[in-house]
Amino acid sequence: MTASHPCVLVTHSSRFGQSTKIAQAVSDGLRAHGIATDVVPLTKATAPDPARHDAIVMVMSVRYGHFAKQAEKFVTRYRSWLDAVPTLLMTVSLTARTPEKRDPAKHVYTRKFLEKMAWVPSHVEVVAGALEYPRYNFLDRSAIRLIMTMTHGPTDPRTWVEYTDWERVAQVADEFAGAVESRTH
Ligand SMILES: Cc1cc2nc3c(=O)[nH]c(=O)nc-3n(C[C@H](O)[C@H](O)[C@H](O)COP(=O)(O)O)c2cc1C
């Protein structure tokens with residue numbers, strides 16, 4: 001990482017791999033602009049030190065209304081660094097499968113998280129995740145089916161569907177690459 005060779009930390013907090021896939025797609029998009037990336041899972045054991053990076057992408061999924069505790073800890077710990085660099089927060093959830101919920105101000109989990117952290121990332125994107133009933137255990141499958149019943153989504157336990165808009169993910173990566181380039185050149 002130098003002024004002319006920026007390096008972006010791409011962290012992901014994922015349970016079933018969708019956020020990891022999204023993080024990888026954003027990393028690919030940044031690399032297409034000649035921007036180096038480090039793709040690192042955000043777990044207790046792997047909490048990355050962002051100091052040698054020029055910007056950050058945080059991709060994190062919702063589980064029962066909450067993001068991983070590690071995400072809160074990370075934002076609290078590195079808050080002053082986060083406020084000094086381009087930041088892209090991407091939240092991944094099933095409520096985001098309807099376009100009107102993808103407005104960060106209307107997406108309850110994203111809004112509450114940012115309010116709680118009193119954090120304003122430079123870029124926020126609400127992304128639709130995947131619904132993969134066959135991968136869930138009985139309790140999780142039952143709970144998600146109940147949520148889907150209430151929100152008029154698929155309840156067939158064989159449903160395995162990816163709602164992620166990959167074109168939009170690529171576009172967000174392009175936009176963020178522009179923000180990183182304008183800060184580091
Ligand atoms: C156990 C479980 C709980 C979930 N809870 C929520 C929820 O409260 N709200 C929501 O919008 N999506 C919820 N989802 C959907 C996930 O956010 C979605 O499947 C996402 O793609 C998961 O991303 P990941 O594989 O990176 O963890 C839940 C999924 C599972 C399996």
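Up top you'll find the structure we're talking about.
About the cut-offs
- Residues numbered from 1 in each chain as written.
- Predicted model: local features only at pLDDT ≥ 70, side-chain atom pairs only at ≥ 80, totals over all residues.
- Helix = DSSP H or I, 4+ residues; strand = E, 2+ residues; numbered from the N terminus.
- Buried ≥ 20, exposed ≤ 12 C-beta atoms within 10 Å, placed from the backbone.
- Contact = placed C-beta atoms within 7 Å.
- Pairing = 2+ DSSP bridges.
- Axes fitted to C-alpha atoms, helices over the stretch in contact; angles between N-to-C directions.
- Parallel < 35°, antiparallel > 145°, perpendicular 65-115°, else oblique.
- Left-handed = near helix turned anticlockwise from the far one by under 90°.
- Nonpolar A, V, L, I, M, F, W, Y, C, P; charged D, E, K, R; others polar.
- Core = buried A, V, L, I, M, F, W, Y, C linked by C-beta atoms within 7 Å.
- Expected span 1.5 Å × (residues − 1).
- Arc of directions from axis to C-beta.
- Right-handed = clockwise from strand over helix to strand, strands pointing away.

Peer 1: Help me understand the overall build of the chain in this model?
Peer 2: Regarding its fold elements, the chain presents six helices and seven strands. The order of helices and strands in the chain, counted from the N terminus, is β-α-β-β-α-α-β-α-β-β-α-β-α. Dimensions along the principal axes, computed over C-alpha positions, put the chain at roughly 50 × 30 × 30 Å. Across the 185 residues that make up the chain, the buried fraction comes to 37%. Intrachain contacts of the chain at a sequence separation of at least 6 include 77% that bridge at least 24 residues.

Peer 1: Teacher, can you tell me more about the sheet that holds strand 4 (residues 87-93) here?
Peer 2: Strands pair in a sheet through their backbones, by hydrogen bonds, and they do so in one of two ways: parallel or antiparallel. If you trace the five strands from one edge of the open sheet to the other, you get 2-1-3-4-5, paired in parallel fashion. With one partner strand each, in any of the chains shown, strand 2 (36-41) and strand 5 (123-128) form the two edges of the open sheet. Ignoring strand direction, the axes of neighbouring strands in this sheet form an average angle of 15°. Relative to strand 3 (residues 55-61), strand 1 (residues 7-13) runs parallel, the two being bridged by six bridges. Note that in strand 3 the partner of valine 8 across the bridge is alanine 55.

Peer 1: Any chance you could explain the packing of helix 1 (residues 18-31) against helix 6 (residues 166-184) here in plain terms?
Peer 2: The relative placement of two packed helices comes down to the angle between their axes together with the axis-to-axis distance. Following both chains from N to C, one finds helix 1 and helix 6 inclined at 45°, their axes separated by 8 Å at the closest point. Taken together, helix 1 and helix 6 sit at an angle that is classed as oblique. Between helix 1 and helix 6 the crossing geometry is right-handed. Taken together, the residues of helix 6 that come into contact with helix 1 (itself represented by Ile22, Ala25, Val26, Gly29 and Leu30) are Trp166, Val169, Ala170, Ala173, Asp174 and Ala177. Per-class residue counts for the contact of helix 1 with helix 6 are nine nonpolar, one polar and one charged.

Peer 1: In this structure, what is going on with the environment of tyrosine 136? I would like to understand it.
Peer 2: Looking at where tyrosine 136 falls in the secondary structure, it is placed in the loop between strand 6 (130-132) and helix 5 (138-150). Separated by 120 residues in the primary sequence, tyrosine 136 and phenylalanine 16 place their C-alpha atoms 9.2 Å from one another.

Peer 1: I keep staring at the nonpolar core and nothing clicks. Help me out?
Peer 2: Side chains of a nonpolar character, in soluble globular proteins, are inclined to be buried together. Val8, Val26, Val57, Val59 and Met90 are the most contacted members of the largest nonpolar core, which has 39 residues in total. Contributions of two or more residues to this core are made by strand 1, helix 1, strand 3, helix 2 (69-77), strand 4, helix 4 (108-117), strand 5 and helix 6.

Peer 1: What exactly am I supposed to notice about helix 6 here?
Peer 2: Each turn of an α-helix holds 3.6 residues, which means side chains three or four residues apart point in the same direction. Here helix 6 contains 19 residues, and its C-alpha end-to-end distance of 27 Å stays within 8% of the 27 Å for a straight helix at 1.5 Å per residue. Within the sequence span of helix 6, burial applies to Val169, Val172, Ala173, Phe176, Ala177 and Val180. Along the axis of helix 6, the buried residues cluster in a sector spanning 145°; they form a single face. Along helix 6, the residues that are exposed and aim more than 90 degrees away from the buried face are Glu167, Gly178 and Ser182. Here the buried face of helix 6 lies against strand 1, helix 1, strand 3, strand 4 and strand 5.

Peer 1: Is there a simple way to think about the pairing of strand 4 in this case?
Peer 2: Consecutive residues of a regular strand have side chains that alternate between opposite faces of the sheet. Across the seven residues of strand 4, seven count as buried, placing the element largely inside the fold. Side chains of strand 4 alternate between two faces, with Thr87, Leu89, Thr91 and Ser93 and Leu88, Met90 and Val92 buried alike. Sheet topology places strand 3 next to strand 4; six bridges connect them, and they run parallel. Across the sheet, valine 57 pairs through a bridge with leucine 88, a residue of strand 4. Pairing of strand 4 with strand 5 involves six bridges; the strand directions are parallel. Residue pairing in the sheet places serine 93 in a bridge with alanine 128 of strand 5. Following the chain from strand 4 across helix 4 to the adjacent parallel strand 5, one finds a crossover that is right-handed.

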